[in-house]
Amino acid sequence: MISTEELLGTIRGEVLLGESMKEHTALKVGGSVDFFVDPLDREDLCGAIALFEARNLPYELIGRGSNLLVHDDGVRGALIITSRALGGYSVRKNILTAGAGALLPVIAEKTFGLSLGGMEMLQGIPGTVGGAIAMNAGAHGQEISSVVSRVEILHEGRVCMVPAHDITFGYRSCSLGRSVILGAEMKLKKLSDAECDKRGRLRREAFRRRSDSQPLSWPNAGSVFRNPRPEENPSGLSAGQMIDACGLKGLQRGGAVISETHANFIINAGDARAADVMELIVEARERVRTMFGVQLELEIKLLGFAKNCC
Ligand SMILES: Cc1cc2nc3c(=O)[nH]c(=O)nc-3n(C[C@H](O)[C@H](O)[C@H](O)COP(=O)(O)OP(=O)(O)OC[C@H]3O[C@@H](n4cnc5c(N)ncnc54)[C@H](O)[C@@H]3O)c2cc1C
């Protein structure tokens, strides 16, 4: 166990007790976490983790909460946000060194502005570097794993550099598992003026398609389900296309709705609860299984839910 006094006495940054996770997730859903920790700097973050481990207090790192569904009863233990402590980045020649809390849209824009290629298509992903590596985020033919050269992690109290060739990245997955990601080094490609023009055109077109095809004016957590592996999906349809084919666009449970714009997005159209979102998840999954024989897997990460609840 840990006392509030010990926590407040150890962590130099902010510690909020019973903070609502609606404020810290893109979907704006979820109950409160016992301890919401916003460390002041990297040393403070590592100190907080050492304390939690010594006291056996469960904790998770979160970035922008853009891929999270938090249970209505909240989360026991601590959630540590990385944006302040690990939000820095620097660019030297074609090497980007970024803390886990650095924002992907910011560094994607910055590096492309310096004629460096490799991350420019990731600009529309509203997460952090840590979240992007944990999820192997990708868009429009680029994945973060294709530029990562090494990742700095905190493992059993020690900071280690893990070369990319020792990490297995898959579709929205990364073998670092529950490791604490502190930052990463990314090797980008110097682009010629002609390449910049071409990539710039492709990028503008991709962003236009994205804003036309995603419900960006509503709170949401991005794609709810992963696209099924081709060998398990004879239809060849994406998760969103299958949900759409089941006629589920617009299906509403409480304040949560399967988006009319993109069937693989669930939006918070009012005061949605996590239970409403979960009802839609279960229903979409069941209908797709019946119609296509495909078991959809979640892409969003659940916090505060029982293991194997879904
Ligand atoms: C409108 C919208 C569009 C999106 N489009 C895309 C897209 O095109 N492609 C795509 O891949 N994703 C997309 N997403 C999903 C999401 O933005 C990405 O998965 C993003 O990388 C998550 O980053 P985050 O910082 O928000 O992570 P969070 O949502 O906060 O966390 C996600 C997971 O990463 C873990 N994590 C976060 N930081 C760390 C760390 N430092 N160390 C260890 N683990 C950590 C968390 O514990 C959690 O398991 C979209 C989301 C939205 C809302």
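All values reported here derive from a predicted model rather than from experimental measurement.

Asks: So, the site of the ligand: which residues are in play, and what are the values?
Replies: Inspection of the region around the ligand gives 34 residues, with Leu61, Ser66, Thr128, Gly138 and Arg210 positioned closest. Within the contact set of the ligand, an oxygen atom lies 2.6 Å away from a side-chain nitrogen or oxygen of Ser66. Coverage of the ligand by the protein chains reaches 92% of its 980 Å² of free accessible surface. Among the elements of the structure, strand 3 (59–62), helix 4 (129–135), strand 9 (138–139) and strand 15 (180–187) are those that each provide at least two residues to the shell around the ligand. At five residues, the largest contribution of residues to the shell around the ligand is made by helix 4. When its residues are assigned to classes, the shell around the ligand shows 15 nonpolar, 14 polar and five charged. Per-domain counts for the shell around the ligand show at least three residues from each of domain 1 (4–81) and domain 2 (89–193).

Asks: How would you explain unusual backbone geometry if you had to name every residue and give the values?
Replies: Glycine aside, residues mostly have negative phi angles, and peptide bonds mostly take the trans form. Its identity as a non-glycine residue notwithstanding, Asn56 has a phi of 55°, on the positive side. Although it is not a glycine, Asn136 adopts a positive phi angle of roughly 45°. For Asn136, a relative accessible area of 0% gives the class buried.

Asks: Give a detailed account of the sheet that holds strand 12 (residues 158–163), specifying residues and quantitative values.
Replies: One open sheet holds the five strands; their spatial order is 6-7-15-11-12, and the pairing between them is antiparallel. The strands lining the two open edges of the sheet, one partner per strand, are strand 6 (89–92) and strand 12. Neighbouring strand axes in the sheet, compared pairwise and without regard to direction, differ in orientation by 15° on average. As paired strands, strand 11 (residues 148–155) and strand 12 are joined by six bridges and run antiparallel to one another. Opposite Ile153, over in strand 12, you have Cys160 as the bridge partner. Most of the contacts of helix 2 (residues 42–54) go to strand 15, to which it runs at about 140°, and overall it touches strand 11, strand 12 and strand 15. Where helix 3 (residues 104–113) meets the sheet, its contacts fall on strand 6 and strand 7 (95–99), and the angle it forms with strand 6 comes to roughly 20°.

Asks: Mind laying out the environment of Ala194, listing which residues take part and the relevant values?
Replies: Here Ala194 is to be found in helix 5 (residues 193–213). Sequence spacing of Ala194 and Asp244 is 50 residues, and the spatial spacing of their C-alpha atoms is 40 Å.

Asks: Give me the pattern of salt bridges: which residues, what numbers.
Replies: Per the stated rule, a full pass over the model turns up 25 salt bridges. A salt bridge links Asp41 to Arg12; its shortest N-O distance comes to 2.9 Å. Taken together, the positions of Asp41 in the loop between strand 2 (32–38) and helix 2 and Arg12 in the loop between helix 1 (4–10) and strand 1 (14–20) put the pair 29 residues apart, joining distant regions of the chain. A relative accessible area of 26% means that Asp41 is categorised as partly exposed. Note on Arg12: relative accessible area 45%, which makes it partly exposed. Where Arg172 meets Glu299, a salt bridge forms, and the shortest distance between an N and an O atom there is 3.7 Å.

Asks: How would you explain the domain arrangement of the protein if you had to name every residue and give the values?
Replies: Interfaces are frequently sized by the accessible area removed from exposure as the parts join. Looking at the assigned domains, one finds that the protein contains domain 1 (4–81), domain 2 (89–193) and domain 3 (230–303). Facing the 14 residues of domain 1 at the interface are 16 residues of domain 3. Between domain 1 and domain 3 lies a buried interface of about 1,200 Å² when both sides are counted; carbon and sulfur atoms form 61% of it. For the domain 1 face of the interface with domain 3, the top three residues by lost area are Leu27, Asn67 and Leu69, together amounting to 49%. The tally of links between domain 1 and domain 3 comes to one salt bridge. Across the pair Asp271 and Lys22 runs a salt bridge, and its minimum N-O distance is 3.7 Å. Where domain 1 packs against domain 3, one counts eight residue pairs in polar contact (both at pLDDT 80 or more). Of all the secondary structure elements, the ones that give two or more residues to the side of domain 1 that touches domain 3 are strand 3, strand 4 (68–70) and strand 5 (75–81). Examining the composition of the side of domain 1 that touches domain 3, we find that three residues originate from one element, strand 4, more than from any other.

Cut-offs applied
Residues numbered from 1 in each chain as written. Predicted model: local features only at pLDDT ≥ 70, side-chain atom pairs only at ≥ 80, totals over all residues. Heavy atoms only, no water. Near = heavy atom within 4 Å. Polar contact = N/O pair within 3.5 Å; in protein donor to acceptor, adjacent residues only side chain to side chain. Areas by Shrake-Rupley, 256 points an atom, 1.4 Å probe, with all protein chains shown as cover. Helix = DSSP H or I, 4+ residues; strand = E, 2+ residues; numbered from the N terminus. Nonpolar A, V, L, I, M, F, W, Y, C, P; charged D, E, K, R; others polar. Domains from an automatic or database assignment. Buried < 20%, exposed > 50% of the residue type's maximum accessible area, 1.4 Å probe, protein only. Pairing = 2+ DSSP bridges. Axes fitted to C-alpha atoms, helices over the stretch in contact; angles between N-to-C directions. Contact = heavy atoms within 4.5 Å. Salt bridge = Lys/Arg side-chain N within 4 Å of Asp/Glu carboxyl O. Buried area = accessible area lost by both parts, 1.4 Å probe.

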